[in-house]
Amino acid sequence: MDFAKNQQNRWYENKEKIFVAIDCIIFGFDNGILKLLVFKREIEPLRGSWSLIGSFVRSDENSDQATNRILKDITGLEQIFTEELKTYSDVHRDPGARCICIAQYALIRIDQDNKDLVEKHGAFWFPLNELPNLILDHNTMVADALERLRNKAKFFPLGFELLPNNFTLPQIQLLYEEIFQKKFDARNFRKKILSLDLLKNTKKKDKSSSKKGAFLYQFDPEKYEQLKSNGFDAPILKNSTQ
């Protein structure tokens, strides 16, 4: 038994070693602005350069477990929406070693608690249009993730993962305008969103921006989970005048 185990451990000993990393494209929505979480790289090569949040996959975990570990360490949050984006395997993508990266994008709600935690780890939330230049192929990952987010948001209510528990219809519109980088007609947008029968009116109002105020809404959890799994039959939003 010991011989067989020792032999097994030597099967790949003369093979080339390749590293596997996880990089997370973490989107958040804060004060009407879609933001991305980045930090300054802490290891060589390229130490001190702006980078996505990432880590090597450990020998005792799979890629999903590595993703959850990274997100928990940086944001303090669990059960975050994540989805595998794609694998980046260009031979020369990392000057440190032959490294294959599995990119994951994540959507989280930004609050003061996780703001404090990410700053403790030296990470920062940047508006997408103010994002610094990132190392390696991380700029490409961000562009690919934003394209995926836009495509998903047309058919799935994933954008709502970024909103607080109570939100107004103007906040939803701002979120979608940030995701798609275009303006939507307010009347048509609200009519479309309400027609999805996905929201519950709390009858409470947010009066922070006007005396009249705007009604606060919540998701219907059961309908939300169903739509998140099955999606819509047609795009939620088609163009800027919808």
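Reference entry: report on the structure contained in this document.

Analysis parameters
- Residues numbered from 1 in each chain as written.
- Predicted model: local features only at pLDDT ≥ 70, side-chain atom pairs only at ≥ 80, totals over all residues.
- Heavy atoms only, no water.
- Axes fitted to C-alpha atoms, helices over the stretch in contact; angles between N-to-C directions.
- Helix = DSSP H or I, 4+ residues; strand = E, 2+ residues; numbered from the N terminus.
- Parallel < 35°, antiparallel > 145°, perpendicular 65-115°, else oblique.
- Contact = heavy atoms within 4.5 Å.
- Nonpolar A, V, L, I, M, F, W, Y, C, P; charged D, E, K, R; others polar.
- Salt bridge = Lys/Arg side-chain N within 4 Å of Asp/Glu carboxyl O.
- Buried < 20%, exposed > 50% of the residue type's maximum accessible area, 1.4 Å probe, protein only.
- Polar contact = N/O pair within 3.5 Å; in protein donor to acceptor, adjacent residues only side chain to side chain.
- Expected span 1.5 Å × (residues − 1).

## Focus: the packing of helix α2 (residues 63–75) against helix α3 (residues 112–120)
And step 1. Their axes nearest at 7 Å, the elements α2 and α3 cross at an angle of 100°. With respect to α3, the element α2 is oriented roughly perpendicular. Judged by residue contacts, Lys72, Asp73, Ile74 and Thr75 of α2 engage Asn114, Leu117 and Val118 from α3.
And step 2. Here the residues of the contact of α2 with α3 sort into three nonpolar, two polar and two charged.

## Focus on the pattern of salt bridges
And step 1. Summed over all chains, the structure comprises nine salt bridges.
And step 2. Linking arginine 148 and glutamate 83 is a salt bridge whose minimum nitrogen-to-oxygen distance equals 2.8 Å. Of the two residues, arginine 148 is situated in helix α4 (residues 138–155) and glutamate 83 in strand β4 (residues 81–88); the sequence distance between them amounts to 65 residues.
And step 3. Assessed through its relative accessible area of 24%, arginine 148 is described here as partly exposed.
And step 4. For the salt bridge of glutamate 83 with lysine 152, the shortest nitrogen-to-oxygen distance reads 3.3 Å. Of the two residues, glutamate 83 sits in strand β4 while lysine 152 sits in helix α4, which places them 69 residues apart along the sequence.

## Details of α3
And step 1. In this structure aspartate 111 caps α3, since a side-chain oxygen of it lies 2.9 Å from the backbone nitrogen of asparagine 114.
And step 2. Immediately downstream of α3, the backbone of glycine 122 shows phi near 75°, a positive value.

## Looking at the packing of helix α5 (residues 169–180) against helix α6 (residues 186–195)
And step 1. At their nearest, the axes of α5 and α6 sit 10 Å apart, and the two run at 100° to each other. The angle between α5 and α6 falls in the class roughly perpendicular. Facing α5, whose interface residues are Leu169, Pro170, Ile172, Gln173 and Tyr176, α6 presents Ala186, Phe189, Arg190, Ile193 and Leu194.
And step 2. Considering only residue class, the contact of α5 with α6 consists of eight nonpolar, one polar and one charged.

## Some remarks on the environment of aspartate 113
And step 1. For aspartate 113, the location among the structural elements is in helix α3.
And step 2. Counting along the chain gives 53 residues from aspartate 113 to aspartate 60, while the straight-line C-alpha distance between them is 30 Å.

## Focus: the side chain of glutamate 161
And step 1. For glutamate 161, the position within the fold is in the loop between α4 and α5.
And step 2. At 2.8 Å, the side chain of glutamate 161 forms a polar contact with the side chain of tyrosine 224.
And step 3. Ignoring any residue separated from it by four or fewer positions in sequence, one finds glutamate 161 in contact with Phe81, Leu107, Ile108, Arg109, Tyr224 and Lys228.

## What to know about α2
Spacing of three or four residues puts side chains on the same side of an α-helix, whose turn is 3.6 residues.
And step 1. Across its 13 residues, α2 extends 18 Å between first and last C-alpha, which sits within 8% of the 18 Å expected from 1.5 Å per residue.
And step 2. Among the residues of α2, those classed as buried are Ser63, Ala66, Thr67, Arg69, Ile70, Leu71, Ile74 and Thr75.
And step 3. In this structure, the buried residues of α2 make contact with β1 (19–30), β2 (33–40), β3 (50–56), β4, β5 (99–109) and α3.
And step 4. The backbone nitrogen of aspartate 64 has a side-chain oxygen 3.1 Å away, supplied by the residue at the start of α2, namely asparagine 62.

Without other data, these values stay purely geometric and don't point to any function.
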